[in-house]
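The lines below spell out each chain.
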Amino acid sequence: MSNRNNFVFKGLLIVAWVIFVGLCIEAGGLIVNFIFSLFKPEFVQNLYQKIDLTEMYKDNKWAFFGIYSFILSISILKAFLFYIVIRLMHKMDLTKPFNTFVSNHILQISYYTLSIGLFSFFARKVAKNLMHHGFVTDSLNQFWVDSQAFILMGAVIYIIATIFKKGVDIQNENDLTV
Amino acid sequence: MAIIVNLDVMMAKRKMSLNELSEKVGLTLSNLSILKTGKAKAIRFSTLESICDVLNCQPGDILEYTNDE
């Protein structure tokens, strides 16, 4: 592999690490927010992103827990997605990239991306529905605004992963042909 | 697998070692070992021809079909 490609790969690895750390902080912050909004709601104004859903909690606990479970699962899934990306980039041997480990990881990445997209899509629908019932969910749009992009990206990665898996199978068969 | 490779039987009959066969056939030891242990997924006609030529036998002496069920 050329030096330029190696340089680009290392750069992408650093970017992936930065995104992973950022997503972990976001997920952690949201979990802390959730705990505080249950036990000490007045303190939420000082916390990460100031997501104050105490009104919703008072009016409808199901809506509150539903929305928070969507927010938390989406942010945790995003962090886990980048954990898999980093693990793949660390363990991948660029001189021999076509093996079962890489194909399984790419497939996993596609599953997580698709799940994030679908979760975001349903969350957006639920939030829209809650707006009709008088709840204010505008501040939460940032969590599921990119649902379609994730679904599209997941579908594309799934297709690539399937082709990659078939390629690995063919290579394994070729290696075992004498 | 339903196809059994009897290469070791033929080698024993011809009193030929794996090293000797590898040299005469022109296959690497690792590839011959894959074939002998039954891990191979496929065998080229050219390889089969060379093995039959060296061991002076028929393909049926090396490959055998058994019904797994």
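Basis of the calculations
Each chain carries its own residue numbering, running from 1 in the direction its sequence is written. By the order in which they are written, chains take letters starting at A while ligands take numbers starting at 1. Side-chain atom pairs in this predicted model are given and counted only at pLDDT of 80 or more, local residue features only at pLDDT of at least 70, and totals for whole chains, interfaces and linings cover all residues. The side-chain values count all of the structure's non-hydrogen atoms but skip hydrogen atoms and water molecules. A run of H or I in DSSP counts as a helix once it spans at least four residues, and a run of E counts as a strand once it spans at least two, with each numbered from the N terminus. The globule rule used for comparison is 2.2 Å times the number of residues to the exponent 0.38, while the radius of gyration itself is calculated over C-alpha atoms. Per-residue accessibility, obtained with a 1.4 Å probe over protein chains only, is compared with the maximum for each type, and a residue is labelled buried under 20%, exposed over 50%, and partly exposed between these values. Under the convention used here, a 1.4 Å probe and the Shrake-Rupley method define accessible areas, while residue burial counts only the protein chains that appear. Positive charges are assigned to Lys and Arg, negative charges to Asp and Glu, while His and the chain termini are left out of the count. Charged groups are reduced to one reference atom each: NZ for lysine, CZ for arginine, CG for aspartic acid, CD for glutamic acid. In what follows, a contact means two residues having at least one pair of non-hydrogen atoms within 4.5 Å. Residue types Ala, Val, Leu, Ile, Met, Phe, Trp, Tyr and Cys, when buried and joined through side-chain atoms within 4.5 Å, form a set referred to as a nonpolar core. We define buried area as the total accessible area lost by two parts upon association, computed with a 1.4 Å probe and summed across both. Salt bridge criterion: a side-chain nitrogen from Lys or Arg within 4 Å of a carboxyl oxygen from Asp or Glu. Polar contact is defined as a pair of N or O atoms within 3.5 Å, subject to the rule that within protein one atom must be able to donate a hydrogen and the other to accept it, and that residues adjacent in sequence are counted only when both atoms are side-chain atoms. Each residue receives one of three labels: charged for Asp, Glu, Lys and Arg, nonpolar for Ala, Val, Leu, Ile, Met, Phe, Trp, Tyr, Cys and Pro, and polar for the others, Gly being one of them. Working convention: axes come from line fits to C-alpha atoms, limited for helices to the stretch in contact. Angles between N-to-C directions cover 0 to 180 degrees. Small angles under 35 degrees read as roughly parallel and large ones over 145 as roughly antiparallel, with 65 to 115 read as roughly perpendicular and the rest as oblique. Crossings are classed by handedness, with left-handed meaning an anticlockwise turn of the near helix from the far one by less than a right angle and right-handed meaning a clockwise turn. A helix is expected to reach a length of 1.5 Å times the quantity of its residues less one. pLDDT is defined as a per-residue confidence score from the predictor, taking values between 0 and 100. Cavity: a set of points on a 1 Å grid over the protein atoms alone where a 1.4 Å probe fits but cannot get out. Pocket: an open set with protein on both sides within 12 Å along at least five of seven lines, its lining residues, like those of a cavity, having an atom within 4 Å of a point. Grid points are joined across faces, edges and corners, and a volume is the space filled by probe spheres set on the points.

### Notes on the overall build of chain A
Counting secondary structure elements, chain A contains 6 helices and 0 strands. Shown N-terminal to C-terminal, the secondary structure of chain A runs as helices and strands in the order α-α-α-α-α-α. Against the 2.2 N^0.38 benchmark of 16 Å for 178 residues, chain A shows a C-alpha radius of gyration of 20 Å, more extended than a compact globule. Here the C-alpha coordinates of chain A stretch approximately 70 × 30 × 25 Å along the principal axes. The burial tally for chain A puts 37% of its 178 residues in the buried class. Per element, the accessible surface of chain A, about 10,700 Å² overall, is 66% carbon and sulfur. With 15 positive and 11 negative side-chain charges, chain A shows a spacing of 3 Å between the two charge centroids.

### Some details on the overall build of chain B
Scanning chain B for helices and strands turns up 5 helices and 2 strands. Starting at the N terminus and walking to the C terminus, you meet the elements of chain B as β-α-α-α-α-α-β. Taken over the C-alpha trace, chain B has a radius of gyration of 11 Å; the compact-globule value for 69 residues is 11 Å, and the two agree within 12%. In terms of principal-axis extent, the alpha carbons of chain B reach across some 35 × 20 × 20 Å. Of the contacts formed within chain B by residues at least 6 apart in sequence, a portion of 64% connects residues at least 24 apart. About 4,600 Å² of surface is accessible on chain B, with carbon and sulfur atoms providing 50% of the total. Computed over 8 positive and 9 negative side-chain charges, the inter-centroid distance for chain B is 5 Å.

### Description of the nonpolar core
Note on soluble globular proteins: their nonpolar side chains tend to be buried together. Residue and element names in this part refer to chain A. Core analysis: the largest hydrophobic core is formed by 42 residues, its most contacted members being L53, M56, I67, L140 and W144. Sorting the residues of this core by element identifies helix 1 (3-39), helix 3 (61-91), helix 4 (100-132), helix 5 (141-144) and helix 6 (147-175) as the ones contributing at least two each. Element by element, the count of residues in this core is highest for helix 3, at 15 residues. Each residue touching I67, except ones within four places of it in the same chain, is listed here: L53, M56, V126, A127, L130, L140 and W144.

### A few points about the interface of chain A and chain B
The partner chain B presents 10 residues to the 6 residues of chain A that form the contact. Among the residues of chain A in contact with chain B, L176(A), T177(A) and V178(A) are the three that bury the most area, contributing 86% of the side total. Our enumeration of links across chain A and chain B arrives at 0 salt bridges. Viewed at the interface, chain B and chain A are joined by 4 residue pairs in polar contact (both at pLDDT 80 or more). Its residues placed into classes, the side of chain A that touches chain B shows 2 nonpolar, 2 polar and 2 charged.

### Comments concerning the packing of helix 1 of chain A against helix 3 of chain A
Residue and element names in this part refer to chain A. Viewed as axis vectors pointing N to C, helix 1 and helix 3 meet at an angle of 155°, and their least axial separation amounts to 9 Å. In terms of orientation, helix 1 and helix 3 fall into the roughly antiparallel class. Helix 1 and helix 3 meet at a crossing whose hand is left-handed. Residues belonging to the contact of helix 1 with helix 3 are distributed by class as follows: 26 nonpolar, 4 polar and 1 charged.

### A word on helix 4 of chain A
Between the first and last C-alpha of helix 4 of chain A there are 48 Å, a value that for 33 residues agrees with the 48 Å anticipated at 1.5 Å per step. In the segment just after helix 4 of chain A, G134(A) is the residue with positive phi, at about 95°.

### What to know about the confidence of the model for chain B
Residue and element names in this part refer to chain B. Overall, the prediction assigns chain B a mean pLDDT of 90, with 97% of residues at 70 or greater. Considering each helix and strand of chain B separately, the mean pLDDT is smallest for strand 1 (residues 3-5), with a value of 90, and largest for helix 4 (residues 45-55), with 93. Predicted complex, confidence summary: ipTM 0.77, pTM 0.79.

### Some remarks on the layout of surface pockets
Residues and elements named next belong to chain A. In this structure, the largest pocket encloses a volume near 300 Å³. For the lining of the largest pocket, the element with the highest residue contribution is helix 1, accounting for 5 residues. For the lining of the largest pocket, the class distribution of residues is 15 nonpolar, no polar and no charged.

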